[in-house]
Amino acid sequence: MNIDIPEGQEPIGYVWGEMVPGIGLAAANFSLSVYEHTTLGLREFEAARLRIAQINGCLFCLDWRTDRDGQKVEEEFADAVTQWRTTDAFDDRARLAAEYAERYALDHHGLDDEFWTRMTAHYSQREIVELSMSIGSWLAFGRLNHVLGLDAVCVLRGH
């Protein structure tokens, strides 16, 4: 870990809540809002989220599975996300969500008219904005947790 955490403190709570309470609380509220207020389907939500987790290398994010009313994606879903270009486990929306997440993180200048034509054929303007904000949240906060080493101490094995 790249940040010193006092003994007995939970790392994410300490860093996000106590070290920088003005920033950390706002960041935590934004992060939670992505989950609490989403209108996106679980599969496209998780396809984008897991693709960002894979790119960031955030151990916590890779272990996490979003639960919606007791429903989670199947165990093999993360492997399908890795193979989003060729998997038959995805419909067009999930495939586009994984593609958008990858391109958002690695080649945002390359999001061309052809991509946007496909995107707007499957997503409403509102859904595109929501997905963009969600991806931004996951990219920033997953990367922050990984860079500081917080993800290694907050892994949720088996979830």
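Residues numbered from 1 in each chain as written. Predicted model: local features only at pLDDT ≥ 70, side-chain atom pairs only at ≥ 80, totals over all residues. Heavy atoms only, no water.

Engineer: I'm lost on the packing of helix α2 (residues 21-36) against helix α8 (residues 125-148) in this one. Help?
Structural biologist: The geometry of a pair of packed helices is captured by two quantities: the angle between their axes and the separation between those axes. Running from amino to carboxyl end, α2 crosses α8 at an angle of 135 degrees, the nearest separation of the two axes being 10 Å. Put simply, α2 runs oblique to α8. In this structure, α2 crosses over α8, and the sense of that crossing is left-handed. Contacts between α2 and α8 involve A27, F30, S31, V34 and Y35 from the first element and M133, S134, S137, W138 and F141 from the second. Of the residues that constitute the contact of α2 with α8, the class distribution is 7 nonpolar, 3 polar and no charged. (Axes fitted to C-alpha atoms, helices over the stretch in contact; angles between N-to-C directions. Helix = DSSP H or I, 4+ residues; strand = E, 2+ residues; numbered from the N terminus. Parallel < 35°, antiparallel > 145°, perpendicular 65-115°, else oblique. Left-handed = near helix turned anticlockwise from the far one by under 90°. Contact = heavy atoms within 4.5 Å. Nonpolar A, V, L, I, M, F, W, Y, C, P; charged D, E, K, R; others polar.)

Engineer: Explain the nonpolar core here, please?
Structural biologist: Burial of nonpolar side chains together is a common tendency in soluble globular proteins. With 31 residues, the main nonpolar core has F90, M119, Y123, L131 and I135 as its most contacted residues. When contributions to this core are tallied by element, the ones reaching two or more residues are α3 (42-56), α5 (77-82), α6 (92-106), α7 (113-122) and α8. In terms of residue count, α6 provides more of this core than any other element does, 7 residues in total. Aside from chain neighbours lying at most four places away, what touches I135 is A48, I52, Y100, A101 and Y104. (Core = buried A, V, L, I, M, F, W, Y, C linked by side-chain atoms within 4.5 Å. Buried < 20%, exposed > 50% of the residue type's maximum accessible area, 1.4 Å probe, protein only.)

Engineer: It is not clear to me how the environment of E76 should be interpreted in this structure. Could you clarify?
Structural biologist: In this structure, E76 sits in the loop between α4 (59-63) and α5. In this structure, the C-alpha to C-alpha distance between E76 and V153, residues 77 residues apart in sequence, is 24 Å.

Engineer: How should a nonpolar patch on the surface be read in this particular structure?
Structural biologist: A cluster of nonpolar side chains, M19, V20 and I23, forms an exposed patch at the surface whose accessible area comes to about 280 Å². Mapped onto the elements of the fold, V20 is located in the loop between α1 (11-19) and α2. The exposure class of V20 is partly exposed, given its relative accessible area of 37%. (Patch = residues over 30% accessible without salt bridge, like charges linked within 9 Å, V, L, I, M, F, W, Y side chains within 5 Å. Areas by Shrake-Rupley, 256 points an atom, 1.4 Å probe, with all protein chains shown as cover. Salt bridge = Lys/Arg side-chain N within 4 Å of Asp/Glu carboxyl O.)

Engineer: Where do I start with the packing of aromatic side chains in this structure?
Structural biologist: Working definition: an aromatic ring pair is given by the centre-to-centre distance plus the angle between the planes. Taken as a whole and assessed by the stated rule, the structure comprises 11 aromatic pairs. An angle of 90 degrees between the planes, with centres 5.0 Å apart, marks the rings of F45 and W138 as edge-to-face. Of the two residues, F45 is situated in helix α3 and W138 in helix α8; the sequence distance between them amounts to 93 residues. Each member of the pair, F45 as well as W138, is classed as buried. For R68, the ring lying beneath its charged end belongs to F45, and the centroid distance is 5.0 Å. We note R93 situated over the ring of Y123; from NZ or CZ to the ring centre the distance is 4.1 Å. (Phe/Tyr/Trp six-rings, centres within 6.5 Å; stacked < 30°, edge-to-face > 60°. Lys NZ or Arg CZ within 6 Å of the ring centre and 35° of its normal.)

Engineer: Could you clarify how one ought to interpret the side chain of N56 in this entry?
Structural biologist: Of note, N56 is situated in helix α3. In terms of polar contacts, N56 uses its side chain to reach the backbone carbonyl oxygen of W138, at 3.2 Å. A distance of 2.8 Å separates the side chain of N56 from the side chain of R143, its partner in a polar contact. Residues contacting N56, with those up to four places away along its chain left out, are W138, L139, G142, R143 and H146. (Polar contact = N/O pair within 3.5 Å; in protein donor to acceptor, adjacent residues only side chain to side chain.)

Engineer: Looking at this structure, I do not really get the layout of surface pockets. What am I missing?
Structural biologist: One way to see where empty space is left: roll a probe the size of a water molecule over the atoms. Counted as a void, the largest pocket has a volume near 460 Å³. What lines the largest pocket is a set of 18 residues, among which W16, S31, Y35, F60 and N145 lie closest to the centre. Sorting the residues of the lining of the largest pocket by element identifies α1, α2, α3, α4 and α8 as the ones contributing at least two each. Per element, the largest residue contribution to the lining of the largest pocket is 5 residues, and it comes from α8. (1 Å grid on protein atoms, 1.4 Å probe; cavity = no way out; pocket = protein on both sides within 12 Å on 5 of 7 lines; lining within 4 Å. Points joined across faces, edges and corners; volume = space filled by probe spheres on them.)

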